[in-house]
Amino acid sequence: MELKIISPTEQSAIVPVKFNFEELKAHLEERLALYKNRHYDMSKGTAEAKKDRAALNRLKKSINDAKIGVKKQIMAQYESDFEPKIKELLAMLEECAGQIDGQIKEVENKAKADKLSELSEFYQAEAKELAKIVPFEWIFQDKWLNATFSKDLAIGEIFNAVGKIRSDLKTLDESVADLYKVEVTDTYLATLDLGEALRRNNYLAEQAKKQAEYAKAQAEKKAAQEQAQALNFCVVWLNWHRKG
């Protein structure tokens, strides 16, 4: 069954509002012609201009008030009778649809929970010891639980993710000096971004290089100072010896 509008219909629509539009329009055109492009002599004050403006605003308000009044009359029956009844019908439908929606969501949520559990189990089995330092939550993607995203596709992405993490960790183990390995590996585990980890490694190496160069420069400076002091002592001693 469907909603049938008995009245009004296309054949017996709501009667248009009738008023003296043409007469009023002609009157306004005649009257407004007196004001259009009129230049007021403001040297004599603004009283005349304000008087004309007030007259036009009063007429505008009277027309607008009439419009509002007619609209209220037309809407009165709609708001007091038709709209409340329609809202009552819609509420009945929404309540029933809501109950069905609740059952659907319950099934969908269970399916997501089951899928999540299966994917987590696969990760644990595939990652093995890696799962202790990289929890499943770190690689999890919401899209895997979508009904349109198959479990096989999700498993494939998990498999690839595990392989990439193992490969990245191997790269770091082979290319990063032992001195920086812990910090660089921690950076990787925090981001799972090999590029970020390598940038951290380069930064640490550069800082260590600068520190070593600074230490070398300081040592050379100190050695030069000590040598100069020793030479000066020798000169002083020779001069004293010659005088003696």
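For the structure itself, look to the data block above.
The structure contained in this document is the topic of the report that follows. (Residues numbered from 1 in each chain as written. Predicted model: local features only at pLDDT ≥ 70, side-chain atom pairs only at ≥ 80, totals over all residues. Heavy atoms only, no water.)

Some remarks on the overall build of the chain
Stage number 1. From N to C terminus, the chain includes 6 helices and 0 strands.
Stage number 2. Reading the secondary structure of the chain in the N-to-C direction produces α-α-α-α-α-α.
Stage number 3. Referenced to the eigenvectors of the C-alpha coordinate spread, the extents of the chain come out at roughly 135 × 75 × 25 Å.
Stage number 4. The buried share among the 244 residues of the chain stands at 14%.
Stage number 5. In the chain, 39 side chains carry a positive charge and 40 a negative one; their mean positions are 10 Å apart. (Helix = DSSP H or I, 4+ residues; strand = E, 2+ residues; numbered from the N terminus. Buried < 20%, exposed > 50% of the residue type's maximum accessible area, 1.4 Å probe, protein only. Lys, Arg positive; Asp, Glu negative; His and termini not counted. Charge placed at Lys NZ, Arg CZ, Asp CG, Glu CD.)

Brief notes about the pattern of salt bridges
Two side chains of opposite charge can pair, provided their charged atoms sit close to one another.
Stage number 1. In total, this model carries 15 salt bridges according to the counting rule given.
Stage number 2. Asp52 is paired through a salt bridge with Arg38; the nearest N and O atoms lie 3.1 Å apart. Placement of Asp52 in helix H2 (residues 47–127) and of Arg38 in the loop between helix H1 (21–32) and H2 is noted, with a sequence separation of 14 residues between them.
Stage number 3. The exposure class of Asp52 is buried, given its relative accessible area of 11%.
Stage number 4. Of the charged contacts in the structure, one is a salt bridge between Glu129 and Arg166, with a shortest N-O distance of 4.0 Å. Of the two residues, Glu129 is situated in the loop between H2 and helix H3 (136–139) and Arg166 in helix H4 (residues 151–175); the sequence distance between them amounts to 37 residues.
Stage number 5. Three or more residues are tied together by salt bridges with common partners; here these are Arg38, Glu48 and Asp52. (Salt bridge = Lys/Arg side-chain N within 4 Å of Asp/Glu carboxyl O.)

Topic: the side chain of Asp52
Stage number 1. A polar atom in the side chain of Asp52 sits 2.6 Å from the side chain of Tyr40.
Stage number 2. Apart from the residues within four sequence positions on either side, Asp52 is in contact with Tyr35, Arg38 and Tyr40. (Polar contact = N/O pair within 3.5 Å; in protein donor to acceptor, adjacent residues only side chain to side chain. Contact = heavy atoms within 4.5 Å.)

Some details on the packing of H2 against H4
Stage number 1. Between H2 and H4, the least distance of the axes is 10 Å, while the angle of their chain directions is 30°. With respect to each other, H2 and H4 are oriented roughly parallel. With respect to the hand of their crossing, H2 and H4 are arranged in right-handed fashion. In this structure, H2 contributes Lys115, Glu118, Leu119, Phe122, Tyr123, Glu126 and Ala127 to the contact, and H4 contributes Lys151, Ala154, Ile155, Ile158, Phe159, Val162 and Arg166.
Stage number 2. Here the contact of H2 with H4 is built from residues that sort into 9 nonpolar, no polar and 5 charged. (Axes fitted to C-alpha atoms, helices over the stretch in contact; angles between N-to-C directions. Parallel < 35°, antiparallel > 145°, perpendicular 65-115°, else oblique. Left-handed = near helix turned anticlockwise from the far one by under 90°. Nonpolar A, V, L, I, M, F, W, Y, C, P; charged D, E, K, R; others polar.)

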